[in-house]
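Residue-level structure breakdown
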Amino acid sequence: MNLQNLKITENSRLVRRGAKSGVTLYSAYRPLRFSELYGSAAIAGEGIKRSIISNDGNLPQAAIAFTGFSGTGKTTLAMITALALNCTNRTEDYEPCLECAKCKGIINRGFDGTNPYFIVKNTAKMKQDDIINMVEHDIKSGTALISRKGGTRIVCLEEAHNLTKKSIENLLLPVENVLTSARRARVHVFLTSSEADTLFANKAWQSRILSINLSKFSGQDLFNILIDIAKQEFENNNKPKITRDVLAKIIELSDLSLRHAITLLQGVLEQADPNLEAITLKDTGVLLGSSKVWDQTDSFITSLVNGNEKECYKFLKQASIKHNISFETIATTVVKKLTAKGITKLAGGDPAGEKMLSMARAFNTTLGNSIYQDRFTALGLATAAAFACYKGK
């Protein structure tokens, strides 16, 4: 990825919390305030916060669904909302203090199901009887503590597309009834799902749930986040600096997954020589693959599109014997880049893009159907299939 045009566009906002070692950077830098969010989660968080402020500290919706790819901030946003609604020492703009008893309870016990204000459940493990019991014990009753001490209960159901139509209907009506009574403790159901179409297959109750779709992080978002973390690790934990070429490789390998990007960043920071002033690609060992693979792969794709069989097979031979480049690196990159080039061509009105997409499809299909243990044999067959497609054009 070319980062020459990317600049830091956001102020540093993440905060490292918890143990200084033995934990993942993904969990250490997990946002716990609306102001710490990035990307579409930051936009959604501001909207939720304004809604709470305009309703005198309450959330008007009985149910909210956070949908989007894994790692976009769905559960994190649900937890921050629970913190904002229950914090006893929040700021004027409803940012939680993270120090009061309610905040600490949500942070430390919310995910194990023992906190009365924020209850997280995995729907993949729930049966219909579990839903009925949850409605009876967590929504209709069991809220005496909240009524007495004040606050709001959030029941967060992860991967909610696993719920049946009947299960969701059993959930919505009790929650709506609770919110209409001023004497009863407030309870809301939050649904998180990576499959929005499945979750909202039934249109009858879709209008009763506020749906917030979180989009994947952009390359710019990841750049800002990785810079934020790397800078703090350098200043506070004496880690080496990270060069732009390393950040570029991390973003490219991550496929725009925040969790994957931060995992790679942590691996680079912790496995590199701590005496380095700055980590370059040659200092990353095998974590980010061969530093030569991307340029060679671009040449391979160019030869493929131009019908130059000799150069393509020469590349495969060198990749296998000389450079020991992984099958996954070549396969993933070829399909991804060839598809992207085809889409770009077609978007610009160039019919050559259709050929590129056909070659990418033939390449990908052959790889997926290959029964060979030798993965470079599979690459050879995929290349042959792409050329057959080329000649067919």
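As a starting point, this report considers the structure included with it. These numbers come from a predicted model, not from an experiment. (Residues numbered from 1 in each chain as written. Predicted model: local features only at pLDDT ≥ 70, side-chain atom pairs only at ≥ 80, totals over all residues. Heavy atoms only, no water.)

1. A short note on the nonpolar core
By size, the foremost hydrophobic cluster in this structure holds 36 residues, and its most contacted members are I48, F66, L77, F118 and F190. Sorting the residues of this core by element identifies α2 (39–54), β1 (63–68), α3 (74–86), α4 (101–109), β2 (118–122), β3 (152–158) and β5 (210–214) as the ones contributing at least two each. The biggest single contributor to this core is α3, with eight residues. Leaving out residues up to four positions away in the same chain, F118 has contacts with A78, M79, A82, I106, G110, F111, I154 and C156. Within the second largest apolar cluster, 29 residues are counted, among which are L6, A230, L265 and A272. (Core = buried A, V, L, I, M, F, W, Y, C linked by side-chain atoms within 4.5 Å. Buried < 20%, exposed > 50% of the residue type's maximum accessible area, 1.4 Å probe, protein only. Helix = DSSP H or I, 4+ residues; strand = E, 2+ residues; numbered from the N terminus. Contact = heavy atoms within 4.5 Å.)

2. Here's the deal with helix α9 (residues 219–237)
Owing to its 3.6 residues per turn, the α-helix brings residues three or four apart onto one side. Under the 1.5 Å per step criterion, the end-to-end length of α9 is 26 Å for 19 residues, consistent within 8% with the ideal 27 Å. Remark: N238 follows α9 within two positions and exhibits a positive phi of approximately 60 degrees. (Expected span 1.5 Å × (residues − 1).)

3. Observations regarding the packing of helix α14 (residues 327–347) against helix α15 (residues 352–369)
When two helices pack together, their arrangement is captured by the angle between the axes and the distance separating the axes. Where α14 meets α15, the closest approach of the two axes is 7 Å, and the angle between their N-to-C directions is 155 degrees. Our classification of the angle between α14 and α15 gives roughly antiparallel. The crossing of α14 and α15 is left-handed. Two secondary-structure elements touch here, α14 through F327, A331, V334, V335, L338, T339, K341, G342, I343, K345 and L346 and α15 through G353, E354, M356, L357, M359, A360, F363, N364 and L367. (Axes fitted to C-alpha atoms, helices over the stretch in contact; angles between N-to-C directions. Parallel < 35°, antiparallel > 145°, perpendicular 65-115°, else oblique. Left-handed = near helix turned anticlockwise from the far one by under 90°.)

4. A short note on the sheet that holds β2
Strand order in this open sheet of five strands is β2-β3-β4-β1-β5, and the pairing throughout is parallel. Of all the strands in the sheet, the pair left with one neighbour each is β2 and β5. Taken pair by pair, the neighbouring strands of this sheet meet at an average axis angle of 20 degrees, ignoring direction. In this structure, β2 lies alongside β3, joined through five bridges in parallel fashion. Bridge pairing in β3 places N122 opposite E158. The sheet contacts of α2 involve β1 and β5, and relative to β5 the element is tilted by about 155 degrees. Taken strand by strand, helix α5 (residues 128–140) contacts β2, β3 and β4 (186–193), and its axis lies near 150 degrees from that of β3. (Pairing = 2+ DSSP bridges.)

5. Describing the layout of surface pockets
Considered as a void within the structure, the largest pocket measures approximately 500 Å³ in volume. Lining the largest pocket are 26 residues, with Y26, G71, G73, T76 and R259 positioned closest to its centre. Put simply, the parts of the chain that give the lining of the largest pocket at least two residues each are α3, α9 and α11 (258–271). (1 Å grid on protein atoms, 1.4 Å probe; cavity = no way out; pocket = protein on both sides within 12 Å on 5 of 7 lines; lining within 4 Å. Points joined across faces, edges and corners; volume = space filled by probe spheres on them.)

6. So, the state of the cysteines
As enumerated under the stated definition, the model contains zero disulfides in all. Between C97, a free cysteine, and C87, which holds the nearest cysteine sulfur, the sulfur-to-sulfur gap is 3.5 Å. We classify C97 as buried; its relative accessible area is 15%. The thiol of C156 is not disulfide-bonded; the next cysteine sulfur, from C103, is found 17 Å away. (Disulfide = S-S within 2.5 Å.)

7. So, the packing of α2 against α3
Two numbers describe how α2 lies on α3: the axes approach to 11 Å, and their chain directions differ by 25 degrees. On the basis of their axis angle, the class for α2 and α3 is roughly parallel. Along this stretch, α2 crosses α3, giving a crossing that reads as right-handed. For the pair α2 and α3, contact is made by A41, A44, G45, I48 and I52 and by L77, T81 and L85, respectively. The residue inventory of the contact of α2 with α3, partitioned by class, reads six nonpolar, two polar and no charged. (Nonpolar A, V, L, I, M, F, W, Y, C, P; charged D, E, K, R; others polar.)

8. Considerations on α15
Here α15 spans 26 Å end to end across 18 residues, near enough to the 26 Å set by a 1.5 Å rise per residue. Turning to α15, its buried residues number three or more, namely G353, K355, M356, S358, M359, A360, A362, F363 and L367.

9. Some remarks on the packing of aromatic side chains
The geometry of an aromatic ring pair is captured by two quantities: the separation of the ring centres and the angle between the planes. Under the definition given, this model contains five aromatic pairs. Centroid distance F66 to F190: 5.5 Å. Interplanar angle 85 degrees. Geometry classified as edge-to-face. One end of the pair, F66, is in strand β1; the other, F190, is in strand β4, and 124 residues separate them in sequence. Aromatic side chains Y313 and F387 sit 6.2 Å apart centroid to centroid with 50 degrees between the ring planes, which places their arrangement in the tilted category. (Phe/Tyr/Trp six-rings, centres within 6.5 Å; stacked < 30°, edge-to-face > 60°.)

None of this, on its own, says anything about what the molecule does.
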